[in-house]
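So you can see what is in the structure, the chains are spelled out below.
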Amino acid sequence: MGRKGSPRSPQAEGGSRAASPPSPLWALPEELLLLICSYLDAQALGRLGQVCRRLRFLSSRDLLWRRIARGCLNSGFTQLGTDLAAGIPVKERVKVSQNWRYGRCRRETVLKWKCNLMPWMELEGEYLYLSQAENIHAYHLCAEGTGLQRHPQAIFSGHQEDVCRFVLANSHIVSGGGDGSIVLHKIHGSYSVKFSAHEQEVNCVDFQGGLIVSGSRDRTAKVWSLSAGRVGQCLHTVQTEDRVWSIAISPLLSGQLLTCLGTDFHRGAGVLDVFYETPSLLLSCGYDTYIRYWDLRTSTRKCVQEWEEPHDSALYCIRSDKNHMIASGSSYYGVVRLWDKRQTRCLQSFHLSSPTSSPVYCLRFSTTHLYAALASALHVLDFTAL
């Protein structure tokens, strides 16, 4: 007689375990799940995304990464929270931001020319505009930032001598040249205007809202009209004690000289570049090796913060992400430096000039690439190619 066995469990008979009850986590509304996840840092969100597909999708939402991105370098968010790089996932920008912080990038020389020049540059959308001698060339950036097309898609001319500086605004290019003239081009059209502006070379220009401002070696700064019937008419002339190397229109667009910044600067401490972040916050740099941060709401006599170039080199150009990061170009050995406003010392340095020494005359950057124009070459630092 066989032994009577104990009854078998349903799981054993079916050959598989019964499905476990759903996790209480999924019973929560999505808004509450996002609120819980909003307390996680970048590392915790990354680990959460490795659990399952649903959590990977949830943890990749821009809403969760926005707060983290605003504390990162060059993530596309301004100090006021404006998103300057909409369309690019915020999580990806945070990842690339770590490459900026730790200096991880691939360097490439994308353009070379035979004669030493003092090029200027602007970056807008899919195009990079670069001055080369008396012309301005428009180069199309390749897809996914892999470089630029070697042949320009457009050339803007009109000066008899080298272009000193130019700006892009409202689908126009405004340039100042060594011939003392200002030239205005419509980017997508054949319209152009040229007029004599100064007795000597026009070192700097800016353009906004129907007004052009220019500065020259002749020790004057001028305001010009572009309204119908008054194109090229001088509205104001400001006499200065020295050559004007850099000029910028306030976003408030007053058209008048309001005040002078700083006091007790030693002779020769000329400002070579100015960059407005907001109508009240701006950066300046120049021959005395300092980057200065000005808040016009508190004082025009003393800057609120300053950083010194560690190798006592003049600073030719400056730009910021309008939040935490500053990029500067120095006059010796083609050095580009990255700065974090929350720190007192330089964050990263990149030596681009070799074997001969050349200043970094101009630099521009996006959330993924930095472009630096030296005397005979254009260099790009790619912070995604790792």
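Above this text you will find the structure in question.
Per chain, residues are indexed from 1 in the order of the written sequence. Confidence filtering applies because this is a predicted model: local features only for residues at pLDDT of at least 70, side-chain atom pairs given and counted only at 80 or more, and all residues used for totals across whole chains, interfaces and linings. Hydrogens and water molecules were not included; the side-chain quantities draw on all heavy atoms of the structure.

**Student:** Honestly, the overall build of the protein chain in this entry has me stumped. Any pointers?
**Tutor:** In terms of regular secondary structure, the protein chain is built from six helices and 24 strands. In the protein chain, buried positions account for 47% of the 386 residues. Two residues qualify as a contact provided that any one of their heavy atoms is within 4.5 Å of a heavy atom in the partner residue. Nonlocal contacts in the protein chain, meaning residues at least 24 apart in sequence, comprise 48% of its contacts between residues at least 6 apart. Only runs of H or I of at least four residues qualify as helices and only runs of E of at least two qualify as strands under DSSP, and these elements are numbered from the N terminus. Each residue's exposure class comes from its accessible area (1.4 Å probe, protein chains only) as a fraction of the maximum for that residue type: buried when under 20%, exposed when over 50%, partly exposed otherwise.

**Student:** Is there a simple way to explain the pattern of salt bridges in this structure?
**Tutor:** Side chains that differ in charge, positive against negative, can pair when their charged atoms come close. Within this document, salt bridges are pairs made up of a side-chain nitrogen of Lys or Arg and a carboxyl oxygen of Asp or Glu, the two lying within 4 Å of each other. Enumeration according to the criterion identifies 18 salt bridges in this entry. Here Glu30 and Arg61 are joined by a salt bridge, their closest N and O atoms 3.0 Å apart. In this pair, Glu30 sits in helix H2 (residues 30–37) while Arg61 sits in the loop between helix H4 (53–59) and helix H5 (62–70), placing the two residues 31 residues apart along the sequence. Note on Glu30: relative accessible area 40%, which makes it partly exposed. Connected through shared salt-bridge partners, Arg101, Asp340 and Arg342 make up one network.

**Student:** Explain the side chain of Ser313 to me, please; I cannot follow it from the model alone.
**Tutor:** Inspection of the secondary structure assignment puts Ser313 in the loop between strand E17 (305–308) and strand E18 (315–320). Looking at Ser313, the relative accessible area reads 2%, which means it is buried. Any pair of N or O atoms that falls within 3.5 Å is considered a polar contact. Within protein, one atom must be able to donate a hydrogen and the other to accept it, and sequence-neighbouring residues count only if both atoms are side-chain atoms. A polar contact of 3.0 Å, which involves the side chain of Ser313, links it to the side chain of Ser331.

**Student:** When you look at the environment of Thr367 in this model, what are you seeing that I'm missing?
**Tutor:** For Thr367, the location among the structural elements is in the loop between strand E22 (362–365) and strand E23 (369–373). What makes Thr367 buried here is its relative accessible area of 13%. Separated by 283 residues in sequence, Thr367 and Leu84 have C-alpha atoms that sit 9.4 Å apart. Sequence-distant contacts of Thr367, defined by excluding residues within four places in its chain, comprise Asn74, Ser75, Gly76, Ala85, Ile88, Val96 and Trp100.

**Student:** Explain the nonpolar core here, please?
**Tutor:** Looking at soluble globular proteins, one finds that nonpolar side chains tend to be buried together. If you look at the biggest cluster of nonpolar residues, it comprises 25 residues, and the most contacted ones within it are Met121, Tyr129, Leu130, Phe166, Ile173 and Leu378. Of all the secondary-structure elements, those providing two or more residues to this core are strand E1 (106–112), strand E3 (127–132), strand E4 (135–140), strand E6 (163–169), E23 and strand E24 (377–382). Look past the residues within four positions of Met121 in its chain and what remains in contact with it is Leu128, Tyr129, Leu130, Phe166, Cys362, Leu363, Arg364, Tyr371, Ala372, Ala373 and Leu378. Here, nonpolar core refers to any group of buried Ala, Val, Leu, Ile, Met, Phe, Trp, Tyr and Cys residues whose side-chain atoms link them within 4.5 Å. Counting 20 residues, the second-largest nonpolar core is a separate cluster that includes Cys317, Phe365, Leu374 and Phe383.

**Student:** Could you clarify how one ought to interpret the sheet that holds E23 in this entry?
**Tutor:** What links the strands of a sheet is backbone hydrogen bonding, and the strands pair in either a parallel or an antiparallel sense. Any two strands between which DSSP finds at least two bridges are classified as paired. Read across the open sheet, the four strands follow the order E1-E24-E23-E22; overall the sheet is antiparallel. The open sheet has two edge strands, E1 and E22, and neither has a second partner. Taking the axes of each pair of neighbouring strands and ignoring which way they run, one obtains an average angle of 20 degrees across the sheet. As defined by bridge partners, E23 adjoins E24 across five bridges and the pair is classed as antiparallel. What sits directly across from His369, in E24, is Asp382. Each axis is a line fitted through C-alpha atoms, taken for helices only over the stretch in contact, and angles between the N-to-C directions span 0 to 180 degrees.

**Student:** So what exactly am I meant to see when it comes to helix H6 (residues 90–102) here?
**Tutor:** For an α-helix the count is 3.6 residues per turn, leaving residues at separations of three or four pointing the same way. Expected helix span is given by 1.5 Å per residue-to-residue step, counting one fewer step than there are residues. Look at H6: 19 Å from first C-alpha to last across 13 residues, which is about the 18 Å you get at 1.5 Å a residue. Among the residues of H6, Val90, Arg93, Val94, Val96, Ser97, Asn99, Trp100 and Arg101 are the ones counted as buried. Its buried side turned inward, H6 meets H5, strand E19 (325–330), strand E20 (335–340), strand E21 (346–351), E22 and E23. In the segment just after H6, Gly103 is the residue with positive phi, at about 70 degrees.

**Student:** Help me out: how do you make sense of the sheet that holds strand E5 (residues 154–156) in this one?
**Tutor:** Taken in spatial order, the four strands line up as E2-E3-E4-E5 in an open sheet, and their pairing is antiparallel. Since the sheet does not close on itself, it has two edges, and those belong to strand E2 (121–124) and E5, each with one partner. Strand-to-strand twist of the sheet, defined as the mean angle between neighbouring strand axes without regard to direction, takes the value 20 degrees. Pairing between E2 and E3: four bridges, direction antiparallel. The residue of E3 that forms the bridge with Met121 is Leu130.

**Student:** For this particular structure, what's the right way to read the environment of His236?
**Tutor:** By the secondary structure assignment, His236 is in strand E13 (residues 233–239). Along the backbone, His236 and Val213 are 23 residues apart, and their C-alpha atoms lie at a distance of 9.3 Å.

**Student:** Can you help me understand H2 in this one?
**Tutor:** For H2, the full list of buried residues reads Leu33, Leu34 and Cys37. On an axial view of H2, the arc spanned by its buried residues comes to 100 degrees, and they lie on one face. Residues of H2 that are buried make contact with helix H3 (42–48), H4 and H5. Taking the helix axis as origin, the arc is that swept by the directions to the C-beta atoms.

Spatial relationships are all this shows, so hold off on functional conclusions.
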